[in-house]
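# Commentary on secondary and tertiary structure
Spelled out, the chains give:
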Amino acid sequence: MARFSRAAERVKRHKRIRKKVSGTNDRPRLCIARTLRHLYAQIIDDEARVTLLQASTLEPALRNDLRGANVAAAEKLGAVLAERAKEQGISSVVFDRGGYVYHGVVRAFAEACRKGGLQF
């Protein structure tokens with residue numbers, strides 16, 4: 001019998017990270033969440049407690065092109081989010097990986113955002 005749950009361990013990592021990572025008006029927090037089927041990303045101003053913009057693979061523009069929460073979907077989502085951030089004048093963010101390991105889908109998303117013009 002397992003002594004720990006992967007999901008519970010991720011939540012513990014996420015809480016530890018959130019103690020240190022916080023978004024401001026000048027440099028909001030870029031948060032990523034993932035499931036087996038979809039990816040979700042938000043840019044959040046923690047001081048004002050408001051979500052500035054969001055993108056997900058559930059949107060009609062992305063949903064028809066992509067299948068699953070894989071690296072290709074992460075790259076497409078990162079490009080879309082970076083474009084929207086640029087339109088709103090957001091150029092620098094703090095990256096919150098949500099307790100996920102910086103590898104695979106999370107890394108592909110972060111690199112696509114950087115390529116799109118966001119600075120971490």
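Look above for the structure.
First things first, this report covers the structure right here in the doc. The shown structure was predicted, so the numbers you read here are calculated from the model rather than taken from an experiment. (Residues numbered from 1 in each chain as written. Predicted model: local features only at pLDDT ≥ 70, side-chain atom pairs only at ≥ 80, totals over all residues. Heavy atoms only, no water.)

Side chains bearing opposite charge may pair, as long as their charged atoms lie close to each other. If you walk through the whole model with that rule in mind, you get six salt bridges. The partner of Glu111 in a salt bridge is Arg107, with the nearest N and O atoms 2.9 Å apart. Of the two residues, Glu111 and Arg107 are both situated in helix α4 (residues 105–115); the distance of four residues between them amounts to about one turn of the helix. For Arg107, a relative accessible area of 41% puts it in the partly exposed group. Overlapping salt bridges bring together Arg18, Arg29, Asp46 and Asp96 as one network. (Salt bridge = Lys/Arg side-chain N within 4 Å of Asp/Glu carboxyl O. Helix = DSSP H or I, 4+ residues; strand = E, 2+ residues; numbered from the N terminus. Buried < 20%, exposed > 50% of the residue type's maximum accessible area, 1.4 Å probe, protein only.)

Strand order in the open sheet formed by four strands is β3-β2-β1-β4, with mixed pairing between adjacent strands. A strand with exactly one partner marks an edge of an open sheet, and here the two such strands are β3 (50–56) and β4 (94–96). Between one strand and the next, the sheet's axes are offset by a mean angle of 20°, whatever the strand orientation. Relative to strand β2 (residues 39–45), strand β1 (residues 29–34) runs antiparallel, the two sharing six bridges. Within the sheet, the bridge partner assigned to Arg29 lies in β2 and is Ile44. Together, β1, β2 and β4 form the strand contacts of α4, whose direction differs from that of β1 by roughly 145°. (Pairing = 2+ DSSP bridges. Axes fitted to C-alpha atoms, helices over the stretch in contact; angles between N-to-C directions. Contact = heavy atoms within 4.5 Å.)

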